[in-house]
Amino acid sequence: MDDGFRLFEPAGERRAVFCRLEHVVPWAIRGAHWEPGEMSQAASIDQAPISCSHCGQELGEVHLRLVRHRGEHRVPDYFCSVDHLLEWAKAGGRWQ
């Protein structure tokens, strides 16, 4: 699958996969069921300081990384919690 969204929690080595951004909403509301697995891309926290895409707070080691896959392109967003990911997705994500 080359299109869709991959969500990673690097500190917990957990992940989830979504076909569309709106699928994040019921996933989060129902209790965020994760699968075990490492990130398939480089660790996000080892790069420059990052901040939550919802609240702007600088993130530490424990954070979420949502990567939009579209063909060869990868667009990452970061979150301090599943709640902030949920609110961001409900508001339309990057296209708010």
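We now turn to the structure provided with this report. These numbers were taken from a predicted model, which means no experiment stands behind them. (Residues numbered from 1 in each chain as written. Predicted model: local features only at pLDDT ≥ 70, side-chain atom pairs only at ≥ 80, totals over all residues. Heavy atoms only, no water.)

**Looking at unusual backbone geometry**
- Not every positive phi belongs to a glycine, and Glu-13 is a case in point at roughly 50°.
- Here Glu-13 is to be found in the loop between strand S1 (3-9) and strand S2 (14-18).
- For Glu-13, a relative accessible area of 44% gives the class partly exposed.
- Its identity as a non-glycine residue notwithstanding, Ala-32 has a phi of 50°, on the positive side. (Helix = DSSP H or I, 4+ residues; strand = E, 2+ residues; numbered from the N terminus. Buried < 20%, exposed > 50% of the residue type's maximum accessible area, 1.4 Å probe, protein only.)

**Remarks on the sheet that holds strand S4 (residues 64-70)**
- Taken together, 5 strands build an open sheet; the order of strands is S3-S2-S1-S4-S5 and the sheet is antiparallel. The strands lining the two open edges of the sheet, one partner per strand, are strand S3 (35-36) and strand S5 (73-79).
- By the bridge criterion, 5 bridges tie S1 to S2 in an arrangement that is antiparallel. Its bridge partner lying in S2, Glu-9 is registered against Arg-14. (Pairing = 2+ DSSP bridges.)

**Description of the pairing of S4**
- Burial analysis of S4 places 5 of its 7 residues in the buried class, the great majority of the element.
- Across 6 bridges, the pairing between S1 and S4 is antiparallel. Of the residues in S4, the one forming a bridge with Gly-4 is His-69.
- In sequence, S4 turns back onto S5 through a hairpin of 2 residues, with Gly-71 there showing a positive phi of about 60°.

**Concerning the environment of Val-67**
- With respect to the helices and strands, Val-67 occurs in strand S4.
- Judged by its relative accessible area of 1%, Val-67 falls in the buried class.
- Placed 10 residues apart in sequence, Val-67 and Asp-77 show a C-alpha to C-alpha distance of 6.4 Å.

**Remarks on the state of the cysteines**
- For the structure on display, the rule yields 0 disulfides.
- In this structure Cys-55 is a free cysteine whose sulfur lies 3.8 Å from that of Cys-52, the closest cysteine sulfur available.
- Given the relative accessible area of 39%, Cys-55 is considered partly exposed. (Disulfide = S-S within 2.5 Å.)

**Observations regarding the pattern of salt bridges**
- All told, the structure shown has 4 salt bridges when counted by the stated rule.
- Where Glu-9 meets Arg-14, a salt bridge forms, and the shortest distance between an N and an O atom there is 2.7 Å.
- Judged by its relative accessible area of 31%, Arg-14 is partly exposed.
- Here Glu-22 ties to Arg-20 by a salt bridge, and the two come within 2.6 Å at their closest N and O atoms.
- Here Glu-22 falls in the partly exposed class, since its relative accessible area comes to 42%. (Salt bridge = Lys/Arg side-chain N within 4 Å of Asp/Glu carboxyl O.)

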